[in-house]
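# Chain and residue survey
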Amino acid sequence: MKETKLLGTTIDDLIVAANILKNGGTVIFPTETVYGLGANAKDDEAVKKIFIAKGRPSDNPLIVHIDDFRKIDNYVEEVTDIAKKLAARCWPGPMTLVLKKKKCISDIVSAGLDTVGIRIPQSTEAREFLRLCDLPVAAPSANISGKPSPTTSKHAIDDMMGRVDAIICGKPCEVGVESTVIDATGDVPIILRPGGITPNMVKAVCGDVIIDKGVDGVEVTDKPKSPGMKYKHYAPSAEVILIDGNTIQEIVEKIEAKIKTSKEKTIILCSEETSDYFKDFDTMCLGSRNKPETFAKNLFYAFRECDIKGYDKIILEGIEKEGIGLAVMNRATRAAHK
Ligand code: AMP
Ligand code: MG
């Protein structure tokens, strides 16, 4: 067990955190997507600590976080035209660009690939921390591998106390799902993982977009383009049953059929539009079906709270795969996959 320092977001605390990271330690920090578990991306030994803390498979590469676009040339061989356009419009923000990596980035970060995912987060605390580190910071989500990503400092502490050197306790994450991972090595951007930046936004910037077939569903192949896609992910301990449907009526009927036959301690994660139908049951409202960003913000939070409250089964209302709804349903489908 490590001694884990709990820090705030004052400049003094961020300096303490940056010094821990510069000395080869691991630091959890808040971003607008989810909490990240950071270490120096140039230092093999530091990066190994991330994989150990998370129990993450070594063939699942990490995203490298930087504070300023002007530093990107230090870490990638070529910033392609589409990368420049996407960076200009979507950074800082919930977008990761996969580009050919330079040698200074540890091969452990890229899991042996010749590319690296780079992101400039929107969160001012995150960027201030990265600026103070003045290093490329490898940082996956700060959860035990397979579990839902933490979107509050409390959830990060639940998983990682005693496993990392410090945790910067900041605000709850605004976006709530991880960044959009885009292969930007070619002429057309390829979305490898949906997230806060939507396919339409990418298309509007680049004129074209390809959505990798690994994004939809849970196709588990040996060699997906984004290695993380082959693992079960985002799952609470409770069993998740994902309900889809075209109309409110259809969704409500399907949920009712499931809840009435359930013998276990069960909760419904529903929407503002359906919650009135389930007054006799335990529910948690994720937001409005018309505002998929509310579902994104609350999904992982709700999964973790359901586990804390000891539910055995979660009946989850699905939403349309439009906008950030695509990212929500990608995570929901994986969480429900047995
Ligand atoms: P996490 O850090 O937990 O948000 O997961 C990072 C995601 O980005 C995983 O799904 C990785 O497979 C993906 N990723 C990171 N680097 C690369 C890369 N170089 N090429 C393709 N996918 C990547
Ligand atoms: Mg993750």
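Residues numbered from 1 in each chain as written. Chains lettered and ligands numbered in written order. Predicted model: local features only at pLDDT ≥ 70, side-chain atom pairs only at ≥ 80, totals over all residues. Heavy atoms only, no water.

## A word on the overall build of the protein chain
- When its secondary structure is counted, the protein chain shows 9 helices and 15 strands.
- Taken over C-alpha atoms, the radius of gyration comes to 20 Å for the protein chain, in line with the 20 Å a tight globule of 338 residues would show.
- Principal-axis analysis of the C-alpha atoms gives the protein chain an extent of 55 × 50 × 35 Å.
- For the protein chain, the proportion of its 338 residues judged to be buried stands at 57%.
- Excluding contacts between residues fewer than 6 apart, the proportion of contacts in the protein chain whose partners are at least 24 apart in sequence is 67%.
- Of the roughly 14,400 Å² that the protein chain leaves accessible, carbon and sulfur atoms contribute 48%.
- Measuring between centres, the 47 positive side-chain charges of the protein chain sit 2 Å from its 49 negative side-chain charges. (Helix = DSSP H or I, 4+ residues; strand = E, 2+ residues; numbered from the N terminus. Rg over C-alpha atoms; globule rule 2.2 N^0.38 Å. Buried < 20%, exposed > 50% of the residue type's maximum accessible area, 1.4 Å probe, protein only. Contact = heavy atoms within 4.5 Å. Areas by Shrake-Rupley, 256 points an atom, 1.4 Å probe, with all protein chains shown as cover. Lys, Arg positive; Asp, Glu negative; His and termini not counted. Charge placed at Lys NZ, Arg CZ, Asp CG, Glu CD.)

## Some words on the sheet that holds strand β2 (residues 27-29)
- The sheet built from 11 strands is open, its strands ordered β1-β8-β2-β3-β7-β4-β6-β5-β9-β10-β11 with mixed pairing. Strands with a single pairing partner mark the edges of an open sheet, and in this sheet they are β1 (5-7) and β11 (210-211).
- As paired strands, strand β10 (residues 190-193) and β11 are joined by 2 bridges and run parallel to one another. Bridging from a neighbouring strand, I191 pairs with I211 of β11.
- Against the sheet, helix α3 (residues 81-90) engages β5 (95-100) and β9 (180-183), with an angle of about 160° to β5.
- The strands that helix α4 (residues 124-133) touches are β2, β4 (63-65), β7 (137-138) and β8 (166-168); relative to β2, the one it contacts most, it runs at about 145°. (Pairing = 2+ DSSP bridges. Axes fitted to C-alpha atoms, helices over the stretch in contact; angles between N-to-C directions.)

## With respect to the pattern of salt bridges
- Taken as a whole, this structure holds 20 salt bridges when the rule is applied.
- In this structure, D158 and K154 form a salt bridge, with 3.3 Å as the shortest nitrogen-oxygen distance. Here D158 pairs with K154, and both are found in helix α5 (residues 153-160), just 4 residues apart, close to one helical turn.
- Residue classification places K154 among the partly exposed residues on the basis of a relative accessible area of 44%.
- When the shortest N-O distance is used, the salt bridge between R331 and E178 registers 2.8 Å. (Salt bridge = Lys/Arg side-chain N within 4 Å of Asp/Glu carboxyl O.)

## Comments concerning α3
- For α3, the full list of buried residues reads I82, A83, L86, A87 and C90. Seen end-on, α3 carries its buried residues on one side only, within an arc spanning 130°. Exposed and oriented more than 90 degrees from the buried face of α3 are D81, A88 and R89. (Arc of directions from axis to C-beta.)

## A look at the side chain of R331
- Examined against the element boundaries, R331 turns out to sit in helix α9 (residues 325-336).
- Apart from the residues lying within four places of it in its own chain, the contact partners of R331 are V177, E178, S179, R193, P194, G195, Y234, L299 and F300.

## Points about helix α2 (residues 44-54)
- Those residues of α2 not exposed but buried are A46, V47, I50, F51, A53 and K54. Along the long axis of α2, the arc covered by the buried residues comes to 165°, so they all point the same way.
- Of the surrounding elements, those touching the buried residues of α2 are β3 (36-40), β7 and α5.
- One side-chain oxygen at the N-terminal end of α2 lies 3.0 Å from the backbone nitrogen of E45; it belongs to D43.
- Directly beyond the C-terminal end of α2, a positive phi value near 70° is found at G55. (Polar contact = N/O pair within 3.5 Å; in protein donor to acceptor, adjacent residues only side chain to side chain.)

## Some thoughts on the nonpolar core
- The biggest cluster of nonpolar side chains holds 48 residues, and the ones touching the most others in it are I28, L97, V109 and I118.
- At the level of secondary structure, the elements contributing two or more residues to this core comprise β3, α2, α3, β5, β6 (115-119), α5 and α6 (199-206).
- Setting aside anything within four residues of it in sequence, one finds I28 in contact with Y35, G36, L37, A142, A156, M160, V164, A166, I167 and I168.
- In this structure, V177, A296, C306 and I319 belong to the second largest nonpolar core, which totals 27 residues. (Core = buried A, V, L, I, M, F, W, Y, C linked by side-chain atoms within 4.5 Å.)

## Remarks on the sheet that holds strand β12 (residues 239-243)
- With parallel pairing, the 4 strands of this open sheet are ordered in space as β12-β15-β13-β14. Sheet topology places β12 and β14 (283-287) at the edges, where each strand pairs with a single neighbour. Here the strands of the sheet are splayed against their neighbours by 20° on average, with no regard to which way each runs.
- Two elements, β12 and strand β15 (residues 313-317), share 5 bridges in a ladder whose sense is parallel. Residue E239 lies in a different strand from β15, and its bridge partner there is K313.

## With respect to the state of the cysteines
- Per the counting criterion, the structure on display carries 0 disulfides.
- Looking at the unpaired C104, the closest cysteine sulfur is the one in C133, lying at 16 Å.
- On the accessibility criterion, C104 (31% relative accessible area) is partly exposed. (Disulfide = S-S within 2.5 Å.)

## Let's talk about the confidence of the model for the protein chain
- With 96% of its residues at a pLDDT of 70 or more, the protein chain has an overall mean of 95.
- Confidence, expressed as mean pLDDT per element, reaches its minimum in the protein chain at α9 with 94 and its maximum at β2 with 99. (pLDDT = per-residue confidence, 0-100.)

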